[in-house]
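So you can see what is in the structure, the chains are spelled out below.
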Amino acid sequence: MVGKKKRGHPDVEELLARPWCYYCERDFDDLKILISHQKAKHFKCERCGRRLNTAGGLSVHMNQVHKETLQSVENSLPNRQGLEVEIFGMEGIPEDVTQAHNQRIIAGFYQAEAERRAATGNPGPGGNNGGQPKKPKFESPADLKKRLAEHKARKAEQAAAGSSGGNTPMDGTNNANSPMGQSPGPFNGSPFPNPQTNFGAASAPGYGSHPQDSFNKPPAPYQQSFPPQPAYSGPPGAQYQPQFSPPQQYSSQQPFPSTGYQPPFPSSFNGYQNQATPPLPGGLPNRPPSLPPAPGLPQRPAFGALPIPSYQMQQMHQGQGLPHQQGWAGKGWNGQEQNSAMSSAYPPHSQAYNGDYSTNASSVDDLVSGAARQADDIDEIIRMAEAGIRPTKKIDTPASIATVVPTTAPEATPIHERVEPTEKKSKKDKGMKMIYSDNDISPEEKMAMMPRYAFIPDGKNDTILGEATAVPGIAGTVDESRIWHFFLLYSHSMAWLGMDGVIVCPKGPSPGLSSGPSSNTNGFYNPRAPQSSKQNVSVTEGGKTTVYYTYNPPTSDILYAVGPAQNFTGPALLNNSTSKTVIIAGTINKSPLIDALVTAGKIDVTPITSQWESFISQVVNSPLPGIDRALVIAGSDLRGTVYGLYDISEQIGVSPWYWFADVPAKKQSGIWALDQRKVQKSPSVKYRGIFINDEQPALANWIAVNYESGKYGLGFNHFFYSNVFELLLRLRANYFWPAMWGSMFNVDDYANQPLADAYGIVMGTSHTEPMMRATNEWTTFGSEYGGDGQWLYNTNNASLNEFFRYGAQRTMPYAGNSLFSIAMRGSGDTAIPLTQSQAMATLADVIASQTQIFENVFNETNVSDIPQLWCLYSEVQGYFEAGLSVPDYVTLLWVDDNFGDMRRLPLANETSRAGGAGVYYHVDYVGSVRDYKWINTIQLEKTNEQMQLAIARQANRIWILNVGDLKPLEIPINHFLDMAYDSEQWGYNSVATWLTAWATREFGLDLASNITSVLDRYGMYAARRKYELIDPTTYSQLNYNEAEAILAQWAILATDAQAIYDKLGEDAQPAFYEMVLQPVLGGQVVNQIYIDAGRNWHFTEQKRNAANSVVNDVLFAFNQDHVLTQRYHDLLGGKWSHMLDQTHLGYDYWQQPMRNALPPLSYVQELETSLAGNIGVAIESSNATVSGDDNWHTLSSDTLVLPPMDRYGPKTRWIDIFARGLSDCDWTISPGTDYVIVTPSSGTTGGANGTDTRVYVSIDWSKAPAAPNTTTVSMNITSSCPTWGNYGPPVIQVPVVSNNIPSSFVGFVESDGHIAIEAAHTTSDTIVDGISYLTLSSYGRTLSGVTLSPALAPSQGAGTGPVLEYDLYTFTNTSIANITLYLSPSLNAAGPTHPLKYAIALDNENPQTIQFVANTTGGGGFLPPNWNGAASDSIWGLSSGNGTTTTHDFSKTGEHTLKVWLMDAGAVVQKIIVDFGGVRPSYLGPPESFRAGVDTLESYQGLNFAGVQTSPSI
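Residues numbered from 1 in each chain as written. Predicted model: local features only at pLDDT ≥ 70, side-chain atom pairs only at ≥ 80, totals over all residues. Heavy atoms only, no water.

Quick notes on the overall build of the protein chain
Moving on, step 1. Helix and strand counts for the protein chain come out as 27 helices and 43 strands.
Moving on, step 2. Here the protein chain holds 1514 residues, and the buried ones make up 57% of them.
Moving on, step 3. Considering only residue pairs separated by 6 or more positions, the protein chain has 73% of its internal contacts joining residues 24 or more positions apart.
Moving on, step 4. Surface summary for the protein chain: the accessible area is close to 60600 Å², and the carbon and sulfur share equals 52%. (Helix = DSSP H or I, 4+ residues; strand = E, 2+ residues; numbered from the N terminus. Buried < 20%, exposed > 50% of the residue type's maximum accessible area, 1.4 Å probe, protein only. Contact = heavy atoms within 4.5 Å. Areas by Shrake-Rupley, 256 points an atom, 1.4 Å probe, with all protein chains shown as cover.)

Written out as structure tokens, the structure is:
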């Protein structure tokens, strides 16, 4: 139909209806373009390029990410730059502005119209042309009748000539007006490409010539990497061998035989091959739909149809039937019966069609009348008949294992309710099935008919026993040179143990394993859950049994269909043994041998029956005839059995990290089993796993050089994932989210998901990848689903529904080991670009559609039995808290803040959900505040503390850990999964015990305690501030010796780690370097770089010569960082080359730098002398120097004052004598009193000597004035150099404060104007109603933390709950003193109605209640105010603001009691600082103050927070 020609100029109503931008008054064609314009021109961050949805969102982003304030909206009109109006698209525009805009549009319209009339001379509306009105053109009744008669005559002539007019091409002629005479192309906007004709063959009659695309384009809609193959009919024991190699890339000019080259990517909708002559492209050509697309409904997919010869088309147009050939006859197919056990994707030419045409109808067809559906079906039948295709016969008997049942794509689901067409019944329909329908036999039913095993071995061979030499107890003796390894087979009943000497294979058919959700009682098997397909086959030959796992790979990544069976091959297992002592392993109710032992009373499996992943191991006497003793492992299910085997593997010396971290297996002279029974209960958390994420550059680069690239990207294939799956099982995990950013798990290698199912690994996808489809699948194939190609459900739902449906269909054969993520987020792991209310409404539709897809695809399974999760990541949590709900059977996956602090956990009214709750936790992250993905920066104590909250609040259905590249995070991965497996064993304060057990397993008992000490300290040091967040200003160069103490701690740690490395054998050193030594040395180098860079700045400001030498120190450390990386990459012949490619130096915003870079460094001019002479003097706590002027002390003053000294404070203060010229100078310091001691008191600095000298000042308190007394002592500095430039000689003063405390006082004593307290060092603490305080050892930034216990303790009232008390002794009389608490950066895990609070009081004050976390849980994507600072500092109370600071009256000196009440479980206090005006800036705060009753005046140093000896780097 030809539409009305569009007017050249729109009318005023159309102009007024156009969307327009509030900020710049530009108008646009539609609202989406307007929103894109606003994000690009007005809401784009100029710092990082991120595009936000509103100006308010940009303001928050600038404040939180870049710590800047947005002043105005960019590219706006002068009066539209303000932030007071919140605009999204056209929402929020003030009414007066809208009216003014409309008035301008109307005025402009009439002005333009007047100008056009003036230019063209046309009259206006109602005007006339020269005074003469225009005459309308009309036809009389006679004219109309005449034209009608002419039309009828033409039609009669055409009918007599046997023509259908210009629409039917004749005898191969090209009719340019006919669709058949034009180049075939997608009709009606079809997402599918043109069908490809045979190269070298003549074009089909009726088709004009058209260019051919070469085969090096990405194929669509089907992705198939090999030409059609005959059905595989060989033995299961042999790998499937295609008859042809995968096709090479051919250009369009390459000649082929005249018989035609069969393209490797069939274009047919259902994947069948036609038999038309001459050879034609596979499938039927696209035909236009009978109706145009209705507005708002999805596009109808184009169907592949054969090109019909012109004479047959002519006959059809004349109403004639087709000639009866072998094929379709009046009553159905009259040809010969043919084999149906073929692939649906590429059967041989002789095979009958085995697809389902009924499922090919589009969603448009579902909404039209039954008559229209019938017409389409008849047309489809006619075209099938011409193609020589017959329908599928109904399957009445189970197929053999070689049979591959095709699976076809179901009908597209409309946005709204599906309307089923009414089908007319007839007697003829009862007689035959012309079109296969899933209503008759579904693919699931067909798969269920297949026997799990083609071969069932004789029961007498159930146990296959290998050779073993008897030793005391149950033993398998091993030669020293042998290494024992365990390998896992995927079969539920055929887990095997491949050790040098002992082999076990309990055999027998089994119905498969469900990994579906349990009942409300965690740990029980759910028989209603969907099952994986029965895909294991065993073949026995020559006394050995070989096991195969068969699967059918997809032939399309767009519309689901499968190809011929392929398989994995397991090892050959022996069928008998003469050993007297063996290991027997099997699964209850799956292994006949295990069941026989149970029946005979040899083992009691009652404790694990019907449990989830549990096992029993025990020694059994005379289990079988000829067997004296056996160690029997009986599992409650597949993974229970596997875990039992790996339990033995680990005990005999095989680490789970033997491959991924190169831990050598222990060599044993013998293996003994104790005569005891072990009962392993069900895991604490049902699904426990990891998420490989943000895998570029390190893992991606490593993959690129170790695995062949796939069709669409890097080689994340089953060769790589087999190592991951084994690691997971050895770590007693069962759940996995695959790498997502540069790969497609199910597409890159069609063997990936079958292999996961074979291993028993439950597969999922990340929180931003719903319905088992990878993000990159949409970017790669999304356009093939029609629509606008956008990942926006509100505008492209029909396409997305089909995209989701494919994910469910592809997963169905592996459903027993699958866990679906549902709902959706925005594109690229972002929020949906809608307002919250709009997004919630959209997500409600998404969830409803996904539920419908589950019901359609899993039509024999209750949707509630399909494992599903909804991840409440970032803004999604806000949707939930605002009222968006999911079905009760869906697991709610709660998330941390990406820095290890749980945003929220289930509340009491949420713990009874059938789906339960889980945790998504990070030990690697990309995003604000800063990426951290180089090496391990995790403090295990914090992970333990947060996970105890999760356990207490019953978030125990799923634990998934974001592990980045996996490799550098071995220790936190292992720890997290062990807690998930047995949370009761690894409760609070268990980290040291866990580390010792881990170190013993990996490196032996002798060094385990030393390794524990190193790793415990490393966790604290690395977690103080992520490496990526450290900068030259992080640690103080001037106060509390902080920077030097940091370097001293790292130096001691590096020495200790190196000593352990040196004691290890050469085989264990690579593993130790990978997991321990490199992180320690790497962390030391990063801190050295930034602290020295800070020192360079400090020295440059003081104009020291040493500023230049410090630059060299920084460069050396920078190079050392590379040396450590290269050493890692060179290990074991380069096994892990590229695994440390991640940049980590030189961050200037949240995203990774493109290259490691140093912070700015500066030099001083060494060829000239300072204006203030050859040497200078600097002191502790000040950047000022004398003699001379600077920005930090009074001009022309030659005096500097040290911080005060008293008997309860630091033992020393320091003075630096430094070179700043060309000549050397002798110098002397004279205190002028005998109780002030300087060491050294003289020296030489500068010139050839060049050495800066640090002078320490101390007090001989036996000679100092008696208390109370304060005296300021001046120290003169003289020099052998004639002058101090143009200035006088320097003078350093030190205040000496004499005071005393009562001998009976026990507590903290003021010094230097402050008191610093480690929170664990209470004078006393109380217990109220069973609620008490728990000290978390080795926790936090400096020592430990204190929290309420138990974790579910209700909120406590201010002043009424358990209290922490600290006795203080003060000397400063002040009415205003600040008390600051350093608290862990915890969030409101108990919900926004229970925000974290504490109360504080001095002596008998009324308690002050402090809420240090705002009433939010991070939902809506907005974390609490000042969270950036808390996450960066690892505490609330530093750069996060003064939200943890209170003021108190200390007008009375002497003894006081400070009281602190933690009011909510989850709050953890680390340090308390009382500031009387003397606290100076630092990152970790002052060192802990003198503690009377614990410290002694002789031993207390008070020099730095760590209490370590430092060496000045000057």
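Here's the deal with the sheet that holds strand β10 (residues 627-635)
Moving on, step 1. As summarised here, the arrangement of the four strands in space is β8-β10-β9-β11, forming an open sheet in which the pairing is mixed. Single-partner strands in this sheet number two, and they are β8 (581-587) and β11 (678-680). Shown here is a sheet whose adjacent strand axes are inclined to one another by a mean of 30°, direction ignored.
Moving on, step 2. Pairing between strand β9 (residues 615-624) and β10: eight bridges, direction antiparallel. From the neighbouring strand, I616 faces β10, where its bridge partner is A634. (Pairing = 2+ DSSP bridges. Axes fitted to C-alpha atoms, helices over the stretch in contact; angles between N-to-C directions.)

Some thoughts on the confidence of the model for the protein chain
Note that predicted coordinates carrying low pLDDT should not be read in detail.
Moving on, step 1. Residues at a pLDDT of 70 or more form 73% of the protein chain, whose mean pLDDT is 79.
Moving on, step 2. In the model, residues 1-6 has pLDDT below 50 throughout and makes zero contacts with residues more than four positions away in sequence or in other chains.
Moving on, step 3. Low pLDDT, under 50, characterises residues 126-136; the stretch is placed with one contact to residues that sit more than four places away or in other chains. (pLDDT = per-residue confidence, 0-100.)

Concerning the pairing of strand β6 (residues 544-551)
Moving on, step 1. Within β6, seven of the eight residues are buried, leaving the element largely enclosed by the surrounding structure.
Moving on, step 2. With six bridges connecting them, strand β5 (residues 536-541) and β6 associate as antiparallel partners. Bridge pairing in β6 links S538 to V547.
Moving on, step 3. Counted along the chain from β5 to the antiparallel partner β6, the turn is two residues long, and its residue G542 has a positive phi close to 60°.

What to know about the state of the cysteines
Moving on, step 1. All chains considered together, the criterion is met by one disulfide.
Moving on, step 2. Disulfide pairing places C1225 opposite C1281 at an S-S distance of 1.7 Å. What sets the handedness of the C1225 and C1281 disulfide is the S-S torsion sign, and at about -85° it is left-handed. Taken together, the positions of C1225 in strand β25 (residues 1224-1230) and C1281 in the loop between β29 (1269-1279) and β30 (1291-1298) put the pair 56 residues apart, joining distant regions of the chain. Here the two residues C1225 and C1281 agree in accessibility, since each one is buried.
Moving on, step 3. C21 takes part in no disulfide bond, and the closest cysteine sulfur, belonging to C24, lies 3.7 Å away.
Moving on, step 4. Judged by its relative accessible area of 0%, C21 is buried.
Moving on, step 5. Summary of cysteine pairing: C45 is not part of a disulfide, and the nearest cysteine sulfur, belonging to C48, is at 3.6 Å. (Disulfide = S-S within 2.5 Å.)

Section: the sheet that holds strand β13 (residues 735-737)
Moving on, step 1. Read from one edge to the other, the open sheet built from eight strands follows the order β14-β13-β12-β19-β18-β17-β16-β15, with strand pairing classed as parallel. Across the chains shown, the open sheet's two edge strands, defined by having one partner strand only, are β14 (762-763) and β15 (820-821).
Moving on, step 2. Packed onto the sheet, helix α13 (residues 718-730) meets β12 (687-692), β13 and β14 and runs at close to 140° relative to β13.

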